[in-house]
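The lines below spell out each chain.
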Amino acid sequence: MEALTNGPTLVIDGCAVATVDAAGTEYRSGHAVVHGTRIGAVGPGPAPVRDVPRIDGRGCLLTPGLVNTHHHLYQWITRGLAADNTLFEWLTTLYPIWVGIDEEALRVAATGALSALARTGCTTTSDHHYVFPRAGGDLLGAEISAAAEVGLRFHPCRGSMDLGASSGGLPPDDVVEPLDAILAASVDAITRWHDPSFDSMLRIALAPCSPFSVTGDLMRQSAVLAREYGVGLHTHLAETVDELDFCAATFGCTPAEYMEQLGWLGPDVWFAHAVHLDDAAITSIARSRTGVAHCPTSNGRLGAGIARTAALLVAGAPVGLGVDGAASNESSSMIEEPRNALLYARAVGGPRSMSVRTALELATIGGARVLGREAEIGSIAPGKLADLALWRLDGPAHAGIDDPVAALILGSPPPLAAVIVNGREVVRDNEVRTVDERAVGLRVARAQRDLVAKAR
Ligand code: ZN
């Protein structure tokens, strides 16, 4: 970690602070000092520095920025379709629309989705893009430029599908790619964009889509490639009972056993959903330090079931939260995820299944752990990157709620006084300041109309 050689550039004070550090340090009234892209200091009372730009945090709670570990940004322009269907029905309705995605449509969708994430306290997001139509252009480049414009820390996953319907997979043949082309594009993505540095705003991972849309060969070869280049591995796993049935019929084992056979367990791997895990799967995931992106809102939206978060946490697995694609979570609100994670966990497992502070941990340091970045982000501590969310809790919806962390997790989503990413203000007074929000909304509506019209 580099020493903080420069002076303070921003001060936030007068606010409650939940640092989410290992000791769970909190202040009823405290401050944070930012030096460039890093946190210089955090503590109780007023900031001990003067003559520096200051955000008045009175009436607010300061937390680490939220970390989103699973998303499909392109779905921002295919929301509200197949609203009452199962995952497999929903997918087969949407694949023919997704075939029309191109570079410009994805740039618009990603700008809308990333702006919405910023407005819900998210400072780092992953994306899993796996639809690469032949005439689509530079799709990954389009979403990377959108993330740079909005200003979020970005972990795009080069996704893929190579098991079309004619070979026993779920997706139609015109949205799958040949294995060699996928591997070449994966190497290209890593060499063009992956930045392994401490301050990195962009890290690539490789992400074959799911057991029912890719071949075992692609999974195996992607793992070899990812380990050769030192990047992460991501996929969907054990999302629905239909997938369990598919794996039993096709591979004669559970989805988790299949992953183990393919070399897909380890601290460099994280699974989206992991809903239907038996005890043996929980043990092997936890023992191998494989991460889980728990997506409670999407799992509820598609009626998929709910992950065994309490058991995963007790076993010691890294668990973070994800909004999942916007087509199965129309709000894609990062601050709704810890709330829904807590409510579902308690509904299924009783009142002690998840505390409000554990829910906040999942949304921050838990996500950082899943993305392999717990040294850099996920808690407020000197030397870590300055990714912060300042939640306004003095309005009529939250004023008077005794515990600010309970207000944040159990109350309605609060407005944001500020969101800071890498030391830069992305949101101020509940508005994204890096893009013209109204213009983005108009472009999203037009792109949605054009894309759906193309498929009809
Ligand atoms: Zn997903």
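Note that this is a predicted model, so its numbers are computed, not measured.

What counts, and at which threshold
- Residues numbered from 1 in each chain as written.
- Predicted model: local features only at pLDDT ≥ 70, side-chain atom pairs only at ≥ 80, totals over all residues.
- Heavy atoms only, no water.
- Axes fitted to C-alpha atoms, helices over the stretch in contact; angles between N-to-C directions.
- Helix = DSSP H or I, 4+ residues; strand = E, 2+ residues; numbered from the N terminus.
- Parallel < 35°, antiparallel > 145°, perpendicular 65-115°, else oblique.
- Left-handed = near helix turned anticlockwise from the far one by under 90°.
- Contact = heavy atoms within 4.5 Å.
- Nonpolar A, V, L, I, M, F, W, Y, C, P; charged D, E, K, R; others polar.
- Buried < 20%, exposed > 50% of the residue type's maximum accessible area, 1.4 Å probe, protein only.
- Domains from an automatic or database assignment.
- Buried area = accessible area lost by both parts, 1.4 Å probe.
- Salt bridge = Lys/Arg side-chain N within 4 Å of Asp/Glu carboxyl O.
- Polar contact = N/O pair within 3.5 Å; in protein donor to acceptor, adjacent residues only side chain to side chain.
- Donors = N, O, S within 2.8 Å, 3.2 Å for Na, K, Ca; no water.
- Tetrahedral: all angles 85-135°; square planar, octahedral: opposite > 155°, others 65-115°.
- 1 Å grid on protein atoms, 1.4 Å probe; cavity = no way out; pocket = protein on both sides within 12 Å on 5 of 7 lines; lining within 4 Å.
- Points joined across faces, edges and corners; volume = space filled by probe spheres on them.

Packed helices, taken two at a time, are described by the angle between their axes plus the distance between the axes. Interhelical geometry of helix 2 (residues 103-118) versus helix 14 (residues 437-455) gives an angle of 135 degrees and a closest axis separation of 9 Å. Accordingly, the angle class assigned to the pair helix 2 and helix 14 is oblique. Between helix 2 and helix 14 lies a crossing of left-handed hand. Every residue of helix 14 that contacts helix 2 at Val108, Thr111 and Gly112 is listed here: Val440, Arg443, Val444 and Ala447. Of the residues assigned to the contact of helix 2 with helix 14, the class counts are 4 nonpolar, 2 polar and 1 charged.

This next bit is on the side chain of Thr123. Structurally, Thr123 is set in strand 7 (residues 122-129). Classification of Thr123 as buried rests on a relative accessible area of 1%. In contact with Thr123, not counting residues within four places along its chain, are Gly65, Leu66, Leu152, Arg153, Asp387, Leu388, Val419, Ile420 and Val421.

Attention now goes to the domain arrangement of the protein. For the protein, the assigned domains read domain 1 (10-64 + 380-432) and domain 2 (66-370). Of note, the centres of domain 1 and domain 2, computed from C-alpha atoms alone, are 29 Å apart. In this complex, domain 1 contributes 34 residues to the contact, which on the side of domain 2 involves 30 residues. Buried area between domain 1 and domain 2, summed over both chains or domains, comes out near 2,500 Å², and the portion from carbon and sulfur atoms is 64%. Ranking the residues of domain 1 by area buried against domain 2 places Val20, Ile409 and Leu410 at the top, with a combined share of 22%. The interface formed by domain 1 and domain 2 holds 4 salt bridges in total. For Glu26, the salt bridge identified is with Arg357, shortest N-O distance 2.7 Å. Summed over the shared surface of domain 1 and domain 2, the number is 8 residue pairs in polar contact (both at pLDDT 80 or more). Counting only elements with at least two residues in the side of domain 1 that touches domain 2, the list comes to strand 5 (60-64), strand 14 (388-392), helix 13 (404-410), strand 15 (416-421), strand 16 (424-428) and strand 17 (431-432). If you tally residues by element for the side of domain 1 that touches domain 2, the top one is helix 13, at 5 residues.

What follows is about the coordination of the zinc ion. Summarising the metal site, the zinc ion is bound by the protein donors His70 (NE2), His72 (NE2), His236 (NE2) and Asp324 (OD), whose distances to it range over 2.1 to 2.3 Å. For the zinc ion, the 4 donor atoms in the first shell make angles of 88 to 171 degrees at the metal, a pattern classed as irregular. Looking at His70, the relative accessible area reads 0%, which means it is buried. What makes His236 buried here is its relative accessible area of 7%.

What follows is about empty space enclosed by the protein. Per the stated rule, a full pass over the model turns up 1 cavity of 30 Å³ or more. Each pocket or cavity is described by its volume, and for the largest cavity that value is around 130 Å³. As for the largest cavity, its lining consists of 19 residues, and the residues nearest its centre are Leu87, Leu91, Tyr130, His236 and Glu239. Top contributing element to the lining of the largest cavity by residue count: helix 1 (residues 87-98), with 4 residues.

For the structure shown, the criterion picks out 20 salt bridges. Linking Arg107 and Glu104 is a salt bridge whose minimum nitrogen-to-oxygen distance equals 3.2 Å. A residue pair is termed a helical-turn pair when its members lie 3 or 4 positions apart in one helix, as Arg107 and Glu104 do in helix 2 at 3 residues. Taking the relative accessible area as the measure of exposure, Glu104 reaches 43% and is therefore partly exposed. When the shortest N-O distance is used, the salt bridge between Arg158 and Glu177 registers 2.9 Å. One end of the pair, Arg158, is in strand 8 (residues 153-160); the other, Glu177, is in the loop between strand 8 and helix 4 (179-193), with 19 residues separating them in the sequence. When salt bridges that share partners are traced, they join Glu26, Arg357 and Asp403 into one network.

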